[in-house]
Amino acid sequence: MTTTPSDPTAAPAGLPPVVDLATWQVARDELLLREKAHTREGDAIAAARRRLPMVEVDGLAEVVGPDGPVPFLDLFQGRDELVVYQHMWYDGAPHQGQCEGCTTTAWHLKDSVYLNARGVSFAVLTTGPWDEVASYVDFMGYTQPWYSVRDTDAPIGGEMGYLASFLRDGDRVFLTYSTTGRGNEPVNGSLALLDMTPYGRGEAWEDNPAGRPEGHSPCWYWRSDADGNADWGPTSRPVPQWTRPGATPVQTLGRQGHHH
């Protein structure tokens, strides 16, 4: 049986020290104590979230979808709860010019069958004009429902880039929760998996040991060129677009610099 070297100097520069399995297990168990405390605190925060007050909103506010204008109430699809992602939009931009951060979030929510099984509906809202939105949804191959809230007041419309939860009581509708920024991260399973790796997310703000690869700004890696290289040039796209039908031909971006 081959034994693993226990001399930390055996590890190549910039990589974790090399130890035997028993030594690794001790270090892993120490970290597990912190992870369990983090989980319990997350459970306590979720419990507090369920106790938040709520705000009544206009359930008859019009949003525009594939069947034309419909009341916001219809998005519940007869269920009592609704979660929405409010997707940023750049008017007139080609498909590859839309927000890479919002694309990442929406891409991780391609299917809501598990939410539906728990009595929760899901939809994506955006301020884009419906004709542009419909073309984008078709191009990306999204299956979840999208709606334009271009002329709808907040909190249904308004500022985008948020996850929000709504509750229905008959014909009355209430906003119960909203979050943005890193609050959107639970949707993105890729970030959680990257956090388990020795190189992490590859973002500059992370606390990494010396010698690890240099990080970039958040969302840097969510755009790439045709060869899969992270890039913010005129031929880059949100990375899922390279797998979509019709995505391969390169177009010149109508606008650039959408760093989030």
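The present account deals with the structure reproduced in this document. Along each chain, the written sequence defines residue order, and numbers are assigned to residues from 1. The predicted origin of the model limits local features to residues at a pLDDT of at least 70 and limits the giving and counting of side-chain atom pairs to 80 or more, whereas totals for whole chains, interfaces and linings rest on all residues. Hydrogens and water are ignored here; the side-chain numbers use all heavy atoms of the structure.

**Observations regarding unusual backbone geometry**
The test is simple: Using a 1.4 Å probe on the protein chains alone, a residue whose accessible area is under 20% of its type maximum counts as buried, one over 50% counts as exposed, and one in between counts as partly exposed. Note on conventions: DSSP H or I runs of at least 4 residues are helices, E runs of at least 2 residues are strands, and numbering of each starts at the N terminus.
A154 connects to P155 through a cis peptide bond whose omega is 10°. In this structure, Q77 takes a positive phi of about 55° despite not being glycine. Owing to a relative accessible area of 49%, Q77 belongs among the partly exposed residues under this scheme. One non-glycine residue, C219, adopts positive backbone phi at about 80°. Along the chain, C219 falls in the loop between helix 5 (189-194) and strand 9 (223-224).

**Quick notes on helix 4 (residues 130-140)**
This is how the line gets drawn: The arc in question is the one traced by the directions running from the helix axis out to the C-beta atoms. Whether two residues are in contact is decided by their heavy atoms: any pair within 4.5 Å suffices.
All of the buried residues along helix 4 are V133, Y136, V137, F139 and M140. All buried residues of helix 4 project into a common sector of 160° when viewed along the axis, lining one side. Exposed side of helix 4, more than 90 degrees from the buried face: D131 and D138 are the residues found there. Of the surrounding secondary structure, the elements contacted by the buried residues of helix 4 are helix 2 (100-107), strand 5 (120-126), strand 6 (146-148) and strand 10 (237-238).

**Regarding the packing of aromatic side chains**
The condition is simple: Pairing of aromatic rings covers Phe, Tyr and Trp, the last counted by its six-membered ring, and requires centre-to-centre distances within 6.5 Å; plane angles under 30 degrees mean stacked, over 60 mean edge-to-face, and any other angle means tilted. Counting as a charge over the ring demands two things of the Lys NZ or Arg CZ atom: a distance within 6 Å of the ring centre and an angle within 35 degrees of the ring normal.
Throughout the structure, instances matching the rule amount to 8 aromatic pairs. Here the aromatic rings of F72 and F76 are separated by 6.2 Å at their centres, their planes lie at 80°, and the arrangement is edge-to-face. Exposure class is identical for F72 and F76. Each is buried. When the ring of Y142 is compared with that of W146, the centres are 5.3 Å apart and the planes differ by 20°; the resulting orientation is stacked. Across this residue pair, the class does not change: Y142 and W146 are buried. The ring of W232 has R223 sitting right over it, with the charged end atom 5.7 Å from the ring centre. Lying across the ring of W242, R237 places its NZ or CZ 5.1 Å from the centre.

**Section: the pattern of salt bridges**
Put simply, the test is: In what follows, salt bridge is the name for a side-chain nitrogen of Lys or Arg lying within 4 Å of a carboxyl oxygen of Asp or Glu.
Overall, the coordinates contain 8 salt bridges when judged by the stated rule. We note a salt bridge from E56 to R172, for which the minimum N-O separation is 2.7 Å. With E56 in strand 1 (residues 55-57) and R172 in strand 8 (residues 172-180), this pair connects stretches of sequence that are 116 residues apart. Residue R172 is classed as partly exposed on the basis of its relative accessible area of 43%. The residue D91 makes a salt bridge to R150 at a minimum N-O spacing of 2.6 Å. With a gap of 59 residues between them, D91 in the loop between strand 4 (81-87) and helix 2 and R150 in the loop between strand 6 and strand 7 (162-169) connect regions that are remote in the sequence. Each of R182, E185, D195 and R201 takes part in a single network of salt bridges with overlapping partners.

**Focus: helix 1 (residues 21-49)**
Selection rule: Helix span is expected to be 1.5 Å times the residue number reduced by one. Any pair of N or O atoms that falls within 3.5 Å is considered a polar contact. Within protein, one atom must be able to donate a hydrogen and the other to accept it, and sequence-neighbouring residues count only if both atoms are side-chain atoms.
With 29 residues, helix 1 should cover 42 Å at 1.5 Å per step; its first-to-last C-alpha distance of 40 Å lies within 8% of that length. Measuring from the side-chain oxygen of the N-cap residue of helix 1 to the backbone nitrogen of A22 gives 3.1 Å; that N-cap residue is D20.

**Focus: the environment of W107**
Here W107 shows up in helix 2. When its relative accessible area of 18% is taken as the criterion, W107 is described as buried. Residues W107 and V187 lie 80 residues apart in sequence; the distance between their C-alpha atoms is 9.5 Å. Other than its neighbours up to four places away in sequence, W107 contacts M140, Y142, P240, T243 and R244.

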